[in-house]
Amino acid sequence: CSHSARRGADDMAAPEAPDPGRPLPNPGTTFFHVFFKIASLLYFFTCTWWSTHFAIHFVGTVVLCAFDFWWTKNVSGRFMVGMRYWNMVDENNKEEWRFEYRDAEGMARVHPAESKIFWYALYGTPPAWFLLLFMELARFNLDYVLMCGISLSMCSFNAYGYTKCSKDAQAAISTFATRTLLSSVVHALV
């Protein structure tokens, strides 16, 4: 799979430099980033308390996971860590990953607390769904294995996409910093 990157998109404009003592710059985004992850897990745990219909359990859990997937991919990644990604299939059926992220100056303005919340929630959800999948598999509860598998695949896809985007962003920022340093050294010598 190939990937390309664009930096400094207009809708990815960086906010003011973060002050760690200041409140989160995107509290609503941060709330829903965590809310949808916790809500889907809580719904999965509690749905049998108030309903015996598997279809209600399945639809409720998968819809909450779909909200989480969409919110993380399209909203919280952009505002909390300054990144977004998408995956395309070209006319030759070749998969291509596209990444968009702030430039080095913009990435320096990412609020450290929001960034930690983003990454911990992003990487904490797949193991939780994997554990639930394994527990349901041990119980031979195949309907719930399917539900956990779908939920695991959605949150894992986001984790995979943002991991690739983060590595690509770090490489581009490193290359930019190296070029800038070399350019300043050459100009100083000339």
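In case you missed it, the structure is sitting above this.
What you see is a predicted model; the values in this text were computed from it and never measured. (Residues numbered from 1 in each chain as written. Predicted model: local features only at pLDDT ≥ 70, side-chain atom pairs only at ≥ 80, totals over all residues. Heavy atoms only, no water.)

### Notes on the nonpolar core
Right, so step 1: Within the largest apolar cluster, 15 residues are counted, with the highest numbers of intra-cluster contacts made by Met83, Phe99, Phe118, Trp119, Leu122 and Tyr162.
Right, so step 2: Those elements that provide at least two residues to this core are strand 2 (83-89), strand 3 (95-101), helix 4 (112-138) and helix 5 (142-189).
Right, so step 3: Not counting residues up to four positions away in its chain, the partners in contact with phenylalanine 118 are His33, Thr72, Ser76, Gly77, Met80, Val81 and Tyr162.
Right, so step 4: Leu41, Val62, Val145 and Leu152 belong to the second-largest nonpolar core, a separate cluster that totals 14 residues. (Core = buried A, V, L, I, M, F, W, Y, C linked by side-chain atoms within 4.5 Å. Buried < 20%, exposed > 50% of the residue type's maximum accessible area, 1.4 Å probe, protein only. Helix = DSSP H or I, 4+ residues; strand = E, 2+ residues; numbered from the N terminus. Contact = heavy atoms within 4.5 Å.)

### Notes on the pairing of strand 2
The side chains of a regular strand alternate, first on one face of the sheet and then on the other.
Right, so step 1: Of the pairings in the sheet, the one linking strand 2 to strand 3 comprises seven bridges and is antiparallel in character. Each bridged residue has a counterpart across the sheet, and for valine 89 the counterpart in strand 3 is glutamate 95.
Right, so step 2: Hairpin connection between strand 2 and strand 3: a loop of five residues separates the two successive antiparallel strands, and asparagine 93 in this loop has a positive phi of roughly 60°. (Pairing = 2+ DSSP bridges.)

### Thoughts on unusual backbone geometry
Peptide bonds are trans in most cases, and residues, glycine excluded, mostly fall at negative phi.
Right, so step 1: Positioned with a positive phi, asparagine 93 is a non-glycine residue whose angle comes to about 60°.
Right, so step 2: In this structure, asparagine 93 sits in the loop between strand 2 and strand 3.
Right, so step 3: Judged by its relative accessible area of 67%, asparagine 93 falls in the exposed class.
Right, so step 4: Phi at phenylalanine 140 takes a positive value of approximately 60°, unusual for a residue other than glycine.

### A short note on the pattern of salt bridges
Right, so step 1: In the structure shown here, the tally under the stated rule is four salt bridges.
Right, so step 2: Two residues, arginine 98 and glutamate 96, come together in a salt bridge whose shortest N-O distance is 3.1 Å.
Right, so step 3: You can call arginine 98 partly exposed: its relative accessible area is 28%. (Salt bridge = Lys/Arg side-chain N within 4 Å of Asp/Glu carboxyl O.)

### Looking at the packing of aromatic side chains
Right, so step 1: Enumeration according to the criterion identifies 25 aromatic pairs in this entry.
Right, so step 2: Linked through ring pairs, Phe69, Tyr85, Trp97, Phe99, Phe118, Trp119, Tyr123, Phe157, Tyr160 and Tyr162 together constitute an aromatic cluster.
Right, so step 3: For the cation-ring pair, lysine 73 lies above tyrosine 85, with the distance from its terminal atom to the ring centre recorded as 5.0 Å. (Phe/Tyr/Trp six-rings, centres within 6.5 Å; stacked < 30°, edge-to-face > 60°. Lys NZ or Arg CZ within 6 Å of the ring centre and 35° of its normal.)

### Topic: the side chain of glutamate 114
Right, so step 1: The residue glutamate 114 is located in helix 4 in this model.
Right, so step 2: Residue glutamate 114 is classed as buried on the basis of its relative accessible area, which comes to 1%.
Right, so step 3: Side chain to side chain, glutamate 114 and threonine 30 meet in a polar contact 3.1 Å long.
Right, so step 4: Aside from chain neighbours lying at most four places away, what touches glutamate 114 is Leu24, Pro25, Asn26, Pro27, Thr30, Phe79 and Met80. (Polar contact = N/O pair within 3.5 Å; in protein donor to acceptor, adjacent residues only side chain to side chain.)

### Focus on the environment of tryptophan 119
Right, so step 1: Within the element layout of this structure, tryptophan 119 appears in helix 4.
Right, so step 2: C-alpha separation for the pair tryptophan 119 and alanine 159, spaced 40 residues apart in sequence, amounts to 8.7 Å.
Right, so step 3: Among all residues touching tryptophan 119, those that are not within four sequence positions of it are Val81, Met83, Tyr162 and Ser166.

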